[in-house]
Amino acid sequence: MNAIVEWFTDPANWTGPDGVPTRLGEHLFYTLLALSIAALIAIPIGLWIGHTGRGGFAVVSLANSLRALPTFGVLVLLANSFGIGLAPPIVALVVLAIPPVLAGTYAGVQAVDRAIVDAARGMGMGEREILTRVELPNGLPLIIGGLRSATLQIIATATIAAYVALGGLGRYIIDGLSVRDFAEMAAGSILLALLAIVTDLVLAGLQRALVSPGLRPAQASRPRPRRLRAVA
Amino acid sequence: MNWGWIPRNLGLVAELTVEHSWLALLPLLLGLLISVPLAWLATRTPLARSVLVTATGLLYTVPSLALIVMLPLLLGLQILDPLNLVVALTIYTVALLVRSIADALDAVPSVVVAAATAMGYTPLRRFVAVEMPLAIPVTVAGLRVAAVSNMSLVTVGAIVGLGGLGLLFTDGFQRDIPAEIITGIVVVLVLALIVDALLLVVGRLITPWARTGQAAGRQR
């Protein structure tokens, strides 16, 4: 334990290309980059599928079967095929982040009470308006939920990507392992746990801030009438 | 692509598959055994529930490699002890299951619980014979998610030198044998699909009422 405290208080570990600020910055950069690309691809597709109801089964099956894909294997295979560097691991992170975002967006839009959508249509809203002003805000809790699990997935996988020479906080674990420096490994894993927990809390706060207050009591007091869809 | 690697190493693949399976499934069983009483506790008091949900939620966010590296220090084990991996995956399984089982227990209609009480069931017997069976479908759904994710997570252990099919990834990467890496990915996928299907079938078999009762039981 003393060695870990020593590692954290050693000024050498807080500066330079292998310092905590740099490694943390790298990790955040990979996470944001992969999440943004995944969101740009998955959210529009999820919205469209949720709105039209077409291909929903395929999305859910795809998301479920991709969960079985060993992320470490995908990373290693991509690095082996396309060489080490930034692109192969980022591609792997994006591929792994798409299913949760897609499933969350689809489920969010799909779970919106059909009566609300019908009311919007009755009020004269066009399809685009229904999607952006009714389905999107109503589905936001599940959409952000999908982004949250994708983010955790990316942070965890970016850690493993240090094995295929990516930077970020995972470097401390991989580098520490190669020289049997257990203090460095432990410090890296503590930093990673903190990063993941803080990020998730921030996203939870964001979820609370962005979701319309009108949705909260309604969600708690009555279960969503999912079956209405089959009846209508 | 040296596909010749596969026929030459079938024995190794089989050996690692067996090791991989128990490394993934033992935590699943342990996780289930731990989750049921915890979920029961969560349904008793709101305080226990919020503590359990928060604690398991936090544990679930910790990246797998970080947890595998941290556990030897916390448990006083050698880094190469497979027990680290078993404990890490048990933690993830519990984190996944506690919340969903607690929700499922809450969803048991209160009239059913009241009827069982009126028939003379003691609280423990009522839990075992009435409430828990009604929570099986949700529990099985949670177990399927945990089983599939465990199958994939075991491979992360190979980074620190633990066993299982992940060794095909580290070895294939170091010796530049793509066929070895692909074999590992495919076998892990197949294992996950088999366990997922098995759990689905077992879940259906032990809840015969869910099949016949779904249409009739909903009506009042």
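Nothing here was measured: the structure is a model prediction, and the numbers come from that model.

> Please explain the overall build of chain B as it appears in this structure.
Looking only at helices and strands, chain B has 11 helices and zero strands in total. Going from the N terminus to the C terminus, chain B shows its helices and strands as α-α-α-α-α-α-α-α-α-α-α. By its C-alpha atoms, chain B is 65 × 40 × 20 Å across when sized along the principal axes. Here chain B, with 220 residues, has 48% of them falling under the buried criterion. Sequence separation of 24 or more characterises 74% of the internal contacts of chain B that already satisfy a separation of 6 or more. As displayed, chain B has an accessible area near 10,700 Å², and 70% of this comes from carbon and sulfur atoms. Here chain B holds 12 positive side-chain charges and 10 negative ones, and the gap between their average locations is 18 Å.

> Explanation requested: the interface of chain A and chain B in the structure shown.
Where the parts come together, the accessible area they lose is often given as the size of the interface. Each partner contributes to the interface: chain A provides 37 residues, whereas chain B provides 35 residues. In total, chain A and chain B occlude about 3,000 Å² of area from one another, counting both sides; carbon and sulfur atoms represent 81% of this. Taken as a group, A:Phe72, A:Asn80 and A:Tyr163 account for 19% of the area that chain A buries against chain B, more than any other trio of residues on that side. Taken together, chain A and chain B are joined by zero salt bridges. Our count for the contact surface shared by chain A and chain B stands at two residue pairs in polar contact (both at pLDDT 80 or more). Contributing elements (two or more residues each) for the side of chain A that touches chain B: α3 (56–67), α4 (71–82), α7 (127–160), α8 (170–178) and α9 (182–210) of chain A. At 10 residues, the largest contribution of residues to the side of chain A that touches chain B is made by α9(A).

> I'm lost on the confidence of the model for chain A in this one. Help?
Caution applies to low-pLDDT regions: their predicted coordinates should not be interpreted in detail. Residues and elements named next belong to chain A. Across chain A, pLDDT averages 88, with 93% of residues at or above 70. Mean pLDDT across the elements of chain A bottoms out in helix α11 (residues 228–231) (39) and peaks in helix α2 (residues 20–52) (95). For residues 218–232, every residue scores under 50 in pLDDT, and the model assigns this stretch 14 contacts once sequence neighbours within four places are set aside.

The rules behind these values
- Residues numbered from 1 in each chain as written.
- Chains lettered and ligands numbered in written order.
- Predicted model: local features only at pLDDT ≥ 70, side-chain atom pairs only at ≥ 80, totals over all residues.
- Heavy atoms only, no water.
- Helix = DSSP H or I, 4+ residues; strand = E, 2+ residues; numbered from the N terminus.
- Buried < 20%, exposed > 50% of the residue type's maximum accessible area, 1.4 Å probe, protein only.
- Contact = heavy atoms within 4.5 Å.
- Areas by Shrake-Rupley, 256 points an atom, 1.4 Å probe, with all protein chains shown as cover.
- Lys, Arg positive; Asp, Glu negative; His and termini not counted.
- Charge placed at Lys NZ, Arg CZ, Asp CG, Glu CD.
- Buried area = accessible area lost by both parts, 1.4 Å probe.
- Salt bridge = Lys/Arg side-chain N within 4 Å of Asp/Glu carboxyl O.
- Polar contact = N/O pair within 3.5 Å; in protein donor to acceptor, adjacent residues only side chain to side chain.
- pLDDT = per-residue confidence, 0-100.

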